[in-house]
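Secondary and tertiary structure notes
Chain residues, written in single-letter form:
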Amino acid sequence: MRLSRIIMALTVGLAVVAVPTAAGAAAPQPQPTATTDPPQPPPYPPTVASLTVNRPTIYLGETVVLTGTNFGPNETVDINVTVTPQAAPAGGAAPARRSDGSTVAMAPVAYQASAPLHFTAYTDGQGRFTKNYKPSVTGLLTFTATGRESGRTASTELRVLHKKQPLPVTGDSIGTPMKLGGGLVGAGAVMLLLTLAWRRRQRLGGAAH
């Protein structure tokens, strides 16, 4: 009788211990949550348009080539030109001199002709264009290009100088004509003396007869 009670007590104790273990085993285990956002690509810098001229400084009447890159493909590009007149000499600076030695102030000549200050260019499939431009004003020209569809913009500068002037006559260049003239004068004097001597001999010969 006492043995059966002991066995029953052990059975109940084992059952009590097993119930939480089974419940823990039956409980669903938490699963790791998966992210639903797709991976983000690495950031890239935006495309920057550029505008250049083949020569930074020219003389009035010459032509430059404008080149634009990284604009939108097959789009119209508006180009505006602003002119800063050529500045006069700073205080204390010597004015420009003509070949005859006279001076002339370097006054601005900014509105003397009719080259367009607004024109358009058209890009190819790579967003590139070239455009010839012949300025008709002197000074500092700033070109600003803006793509109509892409909105990309770029600028560049060009300095336009007055036409080349002939070099002034210097002492070295005057020396040669003066030397030539002096030689001719000397030769003329010799000829004159020879003529006078010949005439004198003629007179003396006639008197002897």
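The structure we're discussing is the one just above.
The structure presented is a predicted model; accordingly, all values stated were derived computationally and were not measured.

Evaluation of the coordinates by the stated rule reveals two salt bridges. In this structure, the salt-bridge partner of E62 is R55, at a minimum N-O distance of 3.0 Å. On the basis of relative accessibility, which here comes to 26%, the residue E62 falls in the partly exposed class. Where D78 meets R148, a salt bridge forms, and the shortest distance between an N and an O atom there is 2.9 Å. Residue D78 is located in strand β4 (residues 76-84), and its partner R148 is located in the loop between β9 (139-147) and β10 (153-161); the two are separated by 70 residues in the primary sequence. Taking relative accessible area as the criterion, R148 reaches 53% and is therefore assigned exposed.

Here the focus is the sheet that holds β10. Ordered in space as β2-β10-β9-β4-β7, the five strands form an open sheet in which the pairing is mixed. Where the open sheet ends on each side, the last strands, each with one partner, are β2 (57-59) and β7 (118-122). Going across the sheet, the axis of each strand differs from the next one's by a mean of 30°, ignoring polarity. In this sheet, β7 lies alongside β4 in antiparallel orientation, the contact comprising five bridges. Each bridged residue has a counterpart across the sheet, and for V77 the counterpart in β7 is A121.

Turning our eyes to something else, we now look at the nonpolar core. One finds I79, F129, Y133, L141 and F143 to be the most contacted residues of the largest nonpolar core, which totals 24 residues. Ignoring any residue separated from it by four or fewer positions in sequence, one finds I79 in contact with L117, H118, F119, A121, F129, F143, T144 and A145.

For any pair of aromatic rings, geometry is given as the distance between the ring centres together with the angle between the planes. What the rule picks out here adds up to three aromatic pairs. Here F71 and F129 contribute two aromatic rings whose centre-to-centre distance is 5.7 Å and whose plane-to-plane angle is 55°, an arrangement assigned as tilted. With F71 in the loop between β3 (64-69) and β4 and F129 in strand β8 (residues 129-133), this residue pair connects regions lying 58 residues apart in the sequence. Ring geometry for Y133 against F143: centres 5.2 Å apart, planes inclined by 85°, an arrangement best described as edge-to-face. Separated by 10 residues along the polypeptide, Y133 in strand β8 and F143 in strand β9 bring together distant segments of the chain.

A positive phi angle, close to 65°, is found at N70, a residue other than glycine. As for its position among the elements, N70 is in the loop between β3 and β4. The phi dihedral of N74 is positive, around 55°, even though this residue is not glycine. Of the residues examined, N74 reaches a relative accessible area of 60% and is grouped as exposed.

Rules and cut-offs
Numbers given to residues run from 1 along each chain, matching the order in which its sequence is written. Reporting of local features is limited, given that this is a predicted model, to residues whose pLDDT is at least 70; pairs of side-chain atoms are given and counted only at 80 or more, and all residues count toward the totals for whole chains, interfaces and linings. Note: side-chain values were computed over all heavy atoms of the structure, leaving out hydrogens and water. By definition, a salt bridge exists where a carboxyl oxygen of Asp or Glu is found within 4 Å of a side-chain nitrogen of Lys or Arg. For every residue, the accessible area obtained with a 1.4 Å probe (protein chains only) is divided by the maximum for its type, and the residue is called buried under 20%, exposed over 50%, and partly exposed between those limits. Secondary structure is summarised from DSSP: a helix means a run of H or I of at least four residues, a strand means a run of E of at least two, and numbering begins at the N terminus for each. Each pair of strands is called paired provided DSSP finds at least two bridges between the two strands. Lines fitted to C-alpha atoms define the axes, with helix axes restricted to the stretch in contact, and inter-axis angles between N-to-C directions lie between 0 and 180 degrees. What makes a nonpolar core is a set of buried Ala, Val, Leu, Ile, Met, Phe, Trp, Tyr and Cys residues whose side-chain atoms join them at distances within 4.5 Å. By definition, residues are in contact when any of their heavy atoms lie within 4.5 Å. Ring pairs shown here join Phe, Tyr and Trp side chains whose ring centres sit within 6.5 Å, with only the six-membered ring taken for Trp; geometry is labelled stacked below 30 degrees between planes, edge-to-face above 60, and tilted in between.

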